[in-house]
Amino acid sequence: MPLKVLSALDQTRTQYYHFKATVIAGMGLFTDAYDLFCISPVMKLIGRIYYDPKDGNPGVTPPAVISTTVAIALLGTVIGQLVFGALGDRVGRRRVYGYSLILMIFSSVGCGFSICRTRTCVLTSLCFFRFLLGIGIGGDYPLSATIMSEFANKRTRGSFIAGVFSMQGFGILASSAVTMAVAALFNKLAKHDGGDSISPLNTPEAADLCWRIILMIGAVPATLTFYWRMTMPETARYTALVEHDVAKATSDMGRVLCDFDLDTILEDTEALHQSVLPPPPPPPPIYNYGFFSREFLRRHGAHLFACSAAWFILDIPYYSSTLFQSQIYKPWFPPANHVNAYEEAYNVAKFQAIIAVCSTIPGYFVTMAFIDRIGRRKIQMIGFFFMAIFLFALAAPYDHYWYNHTNAWYIVLYALTFFFSNFGPNTITFILPAELFPARFRSTCHGISGAWGKVGAIIGAIGFLFASQAKNRENVQRGYEPGIGMMNALLILGSVCIAGLVLTYFYTPETMMRSLEENEGSGNRVGEISQLSNKIHKFRGSSSDVSHVMSDTSRMSSSGSFFINSPRSSSA
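Residues numbered from 1 in each chain as written. Predicted model: local features only at pLDDT ≥ 70, side-chain atom pairs only at ≥ 80, totals over all residues. Heavy atoms only, no water.

Student: Help me understand the state of the cysteines in this model?
Tutor: For the structure on display, the rule yields one disulfide. Through a disulfide, Cys116 is tied to Cys121; the S-S separation comes to 1.7 Å. Its torsion about the S-S bond being -95 degrees, the disulfide of Cys116 and Cys121 is classed as left-handed. With relative accessibility at 14%, the residue Cys116 sits in the buried group. (Disulfide = S-S within 2.5 Å. Buried < 20%, exposed > 50% of the residue type's maximum accessible area, 1.4 Å probe, protein only.)

Student: Sorry if this is basic, but what is going on with the packing of aromatic side chains here?
Tutor: The geometry of two aromatic rings is summed up by the distance between their centres and the angle between their planes. Applying the stated rule across the entire model yields 29 aromatic pairs. Considering the side-chain rings of Phe291 and Phe292, the 5.0 Å spacing of their centres and the 90 degrees angle between planes classify their relative orientation as edge-to-face. With 5.2 Å between their ring centres and 70 degrees between their planes, Tyr414 and Phe418 make a pair best called edge-to-face. Linking Tyr414 with Phe418, this pair stays in helix 18 (residues 408-422), spanning four residues, or about one helical turn. Like Phe418, Tyr414 is buried. (Phe/Tyr/Trp six-rings, centres within 6.5 Å; stacked < 30°, edge-to-face > 60°. Helix = DSSP H or I, 4+ residues; strand = E, 2+ residues; numbered from the N terminus.)

Student: Which parts of the structure should I look at to understand unusual backbone geometry?
Tutor: Glycine aside, the phi torsion of most residues is negative, and most peptide linkages are trans. With a phi angle near 55 degrees, Asp55 is a residue other than glycine that sits in the positive phi range. Take Asp55: it is sitting in the loop between helix 2 (16-50) and helix 3 (63-90). In this model, Met513 sits at a positive phi of 60 degrees, which is unusual for a non-glycine residue. Mapped onto the secondary structure, Met513 falls in the loop between helix 22 (486-507) and helix 23 (516-520).

Student: Looking at this structure, I do not really get helix 7 (residues 207-217). What am I missing?
Tutor: One turn of the α-helix equals 3.6 residues, which is why residues spaced by three or four share an orientation. Taken together, the buried positions of helix 7 are occupied by Ala207, Asp208, Cys210, Trp211, Arg212, Ile214 and Leu215. Looking at the buried residues of helix 7, the elements they touch are helix 2, helix 4 (93-112), helix 5 (119-151), helix 6 (157-192), helix 8 (219-224) and helix 15 (341-374). (Contact = heavy atoms within 4.5 Å.)

Student: Whenever I open this one, the nonpolar core confuses me. Can you help?
Tutor: Counting residues in each nonpolar core, the largest one holds 134 residues, and the members touching the most others are Trp211, Tyr342 and Phe430. If one sorts the elements of this core by residue count, helix 2 sits on top with 15 residues. Those residues within four positions of Phe430 in sequence are excluded, and the remaining contacts are Leu29, Tyr141, Ala145, Ile161, Val164, Phe165, Trp311 and His446. (Core = buried A, V, L, I, M, F, W, Y, C linked by side-chain atoms within 4.5 Å.)

Student: In this structure, what is going on with the pattern of salt bridges? I would like to understand it.
Tutor: A side chain with one charge can pair with a side chain of the opposite charge if their charged atoms come near. Inspection of the entire model under this criterion finds 19 salt bridges. Between Asp35 and Arg130 there is a salt bridge, with its nearest N and O atoms 2.8 Å apart. Residue Asp35 is located in helix 2, and its partner Arg130 is located in helix 5; the two are separated by 95 residues in the primary sequence. Relative accessible area serves as the criterion here: at 3%, Arg130 is assigned to the buried category. Among the salt bridges present, the one from Arg376 reaches Asp372, with a minimum N-O distance of 2.9 Å. According to the relative accessible area criterion, Asp372 is buried, its value standing at 14%. Within this structure, Asp89, Arg93, Glu150 and Arg442 form a network of salt bridges that share partners. (Salt bridge = Lys/Arg side-chain N within 4 Å of Asp/Glu carboxyl O.)

Printed below as a string of structure tokens:
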């Protein structure tokens, strides 16, 4: 019976609820991107408000403070992915889904609702609430990906999970739009009051309200989706395969999916298989092994390594590239000592919006269009390859040309690295862990993979922020120490992408157009069971066929992996 429910889910047509679930599940990713990209202009404002001007330049937030603020949010994300990922498998996806959203809403408001106005107190409060926000965002990663993968049919599953992840692009755009609107409004009001209170070296007290509003608005989209998250049913795969309640799984799916007539779907599918297609694969065998067992390591260890390592490798160049933006947009906007606080924040957000519209969001959309046509593995390899190419193109002539001749081509190359990260490993690393593992481990494994990714993000965001500084002290940005130089940093990041390409080629499996039950059994006896099922279906009475089928049945039964008709499999 469980297989009938799952087969019906795999065969059901794409409908309204799939799109609704994409938006609901994507709000956590939306908030993640909003918070990540609004912090850059916010730190510009905080620097001017709480730090004194020096040498004719406005106040600047020290690099150590920026690094701490970024790192503590990423550390919270690591913890959230591990904790909520494990809870998603133990307690249920839906039961903990609302808690991660509540934590995001509360901490987003808390980030701007600092209860004091002294520098130390404000920064301490901001770091504390960003840590909580990171936990909530981290918890949303494994739950959103797992829920969408278990709701979708196998024909369009990749596109819908990519759709959930693409909400990051809209989060970036919303972050930029809100920052620009709020900064422009405050700037207009300040100048309307006479303009004497605002200048490059004089920041009005109202700016302390500006950055708080920007951060708190990030809670609005998550709040709007809270009701729909709480009314979502548990996924059929969790209910049927983990809780062993097949009747409830069928009822829940019939409530949210139109035309979910189990008997009709199965009759149509069976008639189609008899006419032109081989039968659907039988269920994977049921094993009583735990997560911390040698059996899990033997069956799924390679896949967990592939997902975790690829995500770790990707986030090193991806997060470091977002922090390089300040050096890239510098030639295109007036220097800090020529603009006031609001104008500087506005320019930073404007550049982020341009990159999002021209490269980031198109990368998500291209992935959605082609992921179920050319496959996950190929897209990840394409992405890593072209990321390396464009990073090398930025690196090789940097000291001799780009440093003194930053032009439109430099921006194009930089934008293309973001395009191919999203039409590539940034999206695929989010999808694969939600497709490869058994239902009772799926959320946990996704959380572990994502946690390793955020460890890579900490290395990229903090390590390369300092390492990319110029070798000569006179060219080092204020507050930094000399580093290895931008050229060497970019060469290292390109080499990291090459390592990701090699890893993908040797370790990453393909999951396109396969049910989740097929994917979780890839690499073990499920493939043999599927082949045997096809032999039985094609059997026409030949004595040679009989001997082959009986031989395979005997071999697989003796190995303890043939449970298609056993009572244990029927209760799964």
